[in-house]
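Coordinate inspection notes
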Amino acid sequence: MALYVQKFGGTSVGSVERIKAVAEKVKGFRDQGHQVVVVVSAMSGETNRLTDMAQALNEDPAPREMDMLLSTGEQVTISLLAMALQQIGVPATSHTGAQVGIHTDSAYTKARIQRIETDDLKADLEAGQVVVVAGFQGVDEDGNITTLGRGGSDTTGVALAAALGADECQIYTDVDGVYTTDPRVCSKAQRLESITVEEMLELASLGSKVLQIRAVEFAGKYNVPLRVLSSFEDGPGTLIVAEADKDEDAMEEPLISGIAFTKNEAKLTLLNTPDVPGVASRILGPIADANIEVDMIVQNVAPAGDYTDFTFTVAKGDYKATKKLLEETVIPDLGGGELRGDDNIAKVSLVGVGMRSHAGVASKMFRVLADENVNIRMVSTSEIKISVVIDEKHMELAVNALHKAFGLDKADIESE
């Protein structure tokens, strides 16, 4: 007998018929003698619907009230799924985040889990119940409902699996695993049998939407086996494991495991800034104080005593606020400078633990892009990642060219 924590996303529970299908899937595991905890999201579209209603009444609703409102989406789903399970003879009980004992800090709309009380959960499981838990939410020390941010149901699932010592956390979604890149952009993308936590963290941080990054962090920190599966078809999915746990029979790691991309980037450049110690802090300090995250940073080398150019990227949603902050606060503080911005860019990234032991990945990437006449605006690297910023209009061309060049196309794999 194993203990599984299964998380089903909004598309998986998007209708009464799909909730019935989830109930049958859960029943199949229970009939095999396994214990099951199910974490569910709100039905697809429900969070957007609730958000639209809130903004129709108040353009800037209080975060506490937004959490109170948005948490109701999951409450609908847990009760419906518990009813569906009971209808087919499976004892089930539903719990909100507060009822199950998920305690968070008080950072409304983006709370972080601090601890989980598992006594009641374990008692229900020992009594033969399937426990259905509302994802995405918890409660702070003052009893206020909090939410974990978009995609927080993944985090709920992995956190519960860690707290319970589950054998596996299974994330059911509308795709059948983690792919080498988005199949909607590259038709020759292939599903990966397994991927390391480190690679998945990079892909998630770089724009891959299969899993929320905090969920992957939890899995890595607490060594929770994590599997991505399809709600709509059977298959092995993709297993996400610590690097040491990967298949020892594999002769050698693939050079590149995946290609991530995002259009959610904007680039800002301050021209003619003083090339003196502390200037980077004077530029980025006010931006950090405004809770705006900076991604890539490039500072050009300037002759001694001269001025330099300082370029960085932020999320596209923060572009206008960052630009205003630079114009009204940073540039006056620096005593001048020219600001240029571009929100029509994309970031494309190669990810793979194989980079650790292979040279020449960056030069090959640059050569492939040059052959396609794609100009590179910025570059950043880490031990297992290379990212470039390019014009948004060239993103799909770049992804497909790199996918083929690094041997990730289906046809290339099948012919090997």
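Since this is a predicted model, take the numbers as computed values, not measurements.

To continue, consider the packing of aromatic side chains. Scanning all chains against the criterion turns up 4 aromatic pairs. Considering the side-chain rings of Tyr4 and Phe29, the 5.3 Å spacing of their centres and the 70° angle between planes classify their relative orientation as edge-to-face. One end of the pair, Tyr4, is in strand 1 (residues 3-8); the other, Phe29, is in helix 1 (residues 16-31), with 25 residues separating them in the sequence. Relative accessible area serves as the criterion here: at 17%, Phe29 is assigned to the buried category. Both rings, one in Phe8 and one in Tyr172, keep their centres 4.6 Å apart while their planes meet at 10°; by these two values the pair is stacked. One end of the pair, Phe8, is in strand 1; the other, Tyr172, is in strand 9 (residues 168-173), and 164 residues separate them in sequence. A relative accessible area of 0% means that Phe8 is categorised as buried.

Within a beta sheet, neighbouring strands are joined by backbone hydrogen bonds and run either parallel or antiparallel to one another. On the basis of which strands lie adjacent, the open sheet formed by 8 strands has the order 3-6-2-1-9-11-12-10 and mixed pairing. Both outer strands of the open sheet, strand 3 (92-95) and strand 10 (194-196), are each paired with one neighbouring strand and no more. The sheet shows a mean angle of 20° between the axes of neighbouring strands, taken without regard to direction. The sheet contact formed by strand 1 and strand 2 (residues 35-40) spans 6 bridges and is parallel. When the bridges of strand 2 are listed, Lys7 appears paired with Val39.

Examined against the element boundaries, Leu160 turns out to sit in helix 6 (residues 152-164). Sequence separation between Leu160 and Asn223 is 63 residues; the distance between their C-alpha atoms is 13 Å.

What follows deals with the sheet that holds strand 19 (residues 378-382). The strand order across the open sheet formed by 4 strands is 13-18-20-19, and the pairing between neighbours is antiparallel. A strand with exactly one partner marks an edge of an open sheet, and here the two such strands are strand 13 (258-262) and strand 19. Pairs of neighbouring strands in the sheet enclose a mean axial angle of 20°, with direction left out of account. In this sheet, strand 20 (residues 385-391) lies alongside strand 19 in antiparallel orientation, the contact comprising 5 bridges. Its bridge partner lying in strand 20, Met378 is registered against Val389.

Of note, Lys347 is situated in strand 18 (residues 345-351). Under the relative-accessibility criterion, Lys347 is labelled buried at 4%. At a separation of 2.5 Å, a polar atom in the side chain of Lys347 contacts the side chain of Asp295. Residues in contact with Lys347, not counting those within four places in the same chain, are Leu206, Ala260, Phe261, Thr262, Glu265, Asp295, Met296, Ser387, Val388 and Val389.

Our next topic: the pattern of salt bridges. Taken as a whole and judged by the stated rule, the model has 19 salt bridges. Of the charged contacts in the structure, one is a salt bridge between Lys27 and Asp31, with a shortest N-O distance of 2.8 Å. Here Lys27 pairs with Asp31, and both are found in helix 1, just 4 residues apart, close to one helical turn. We classify Lys27 as partly exposed; its relative accessible area is 23%. Here Glu193 ties to Arg191 by a salt bridge, and the two come within 3.2 Å at their closest N and O atoms. Each of Arg115, Glu117 and Glu141 takes part in a single network of salt bridges with overlapping partners.

This brings us to the side chain of His403. Within the secondary structure, His403 sits in helix 12 (residues 395-405). Not counting residues within four places of it along the chain, the set of residues in contact with His403 comprises Thr180, Thr181, Cys186, Lys188, Ala189, Ile259, Leu408 and Asp409.

Turning our eyes to something else, we now look at helix 5 (residues 119-126). Every α-helix winds through 3.6 residues per turn, so residues three or four apart in the chain are directed the same way. Those residues of helix 5 that fall on the buried side of the exposure criterion are Leu121, Asp124 and Leu125. For helix 5, the arc enclosing every buried residue in end-on projection is 100°, short of the 170-degree limit, so these residues lie on one face. Structural note: helix 5 exposes Asp119, Asp120 and Glu126 on the side pointing more than 90 degrees away from its buried face. Phi for Gly128, located one or two positions after helix 5, is positive at around 90°.

All right, on to the pairing of strand 14 (residues 266-274) then. Counted residue by residue, strand 14 has 8 buried out of 9 residues, so it is predominantly covered. Taken together, the 7 bridges between strand 14 and strand 16 (residues 307-314) define a ladder with antiparallel strand orientation. Bridge pairing in strand 16 links Lys267 to Thr313. Taken together, the 5 bridges between strand 14 and strand 17 (residues 338-342) define a ladder with antiparallel strand orientation. In the strand pairing of strand 17, Leu270 is matched with Leu339.

Before going further, it helps to spend a moment on the nonpolar core. Grouped together as the largest cluster of nonpolar side chains are 40 residues, with contacts concentrated most on Val37 and Val133. The element best represented in this core is helix 6, accounting for 5 residues. Once you skip the residues sitting within four places of it in the chain, Val37 turns out to touch Leu3, Tyr4, Val5, Gln6, Leu125, Val131, Val133, Leu160 and Leu164. If you look at the next biggest cluster of nonpolar residues, it comprises 24 residues, including Ile19, Val36, Ala82 and Leu85.

Criteria and thresholds
Residues numbered from 1 in each chain as written. Predicted model: local features only at pLDDT ≥ 70, side-chain atom pairs only at ≥ 80, totals over all residues. Heavy atoms only, no water. Phe/Tyr/Trp six-rings, centres within 6.5 Å; stacked < 30°, edge-to-face > 60°. Helix = DSSP H or I, 4+ residues; strand = E, 2+ residues; numbered from the N terminus. Buried < 20%, exposed > 50% of the residue type's maximum accessible area, 1.4 Å probe, protein only. Pairing = 2+ DSSP bridges. Axes fitted to C-alpha atoms, helices over the stretch in contact; angles between N-to-C directions. Polar contact = N/O pair within 3.5 Å; in protein donor to acceptor, adjacent residues only side chain to side chain. Contact = heavy atoms within 4.5 Å. Salt bridge = Lys/Arg side-chain N within 4 Å of Asp/Glu carboxyl O. Arc of directions from axis to C-beta. Core = buried A, V, L, I, M, F, W, Y, C linked by side-chain atoms within 4.5 Å.

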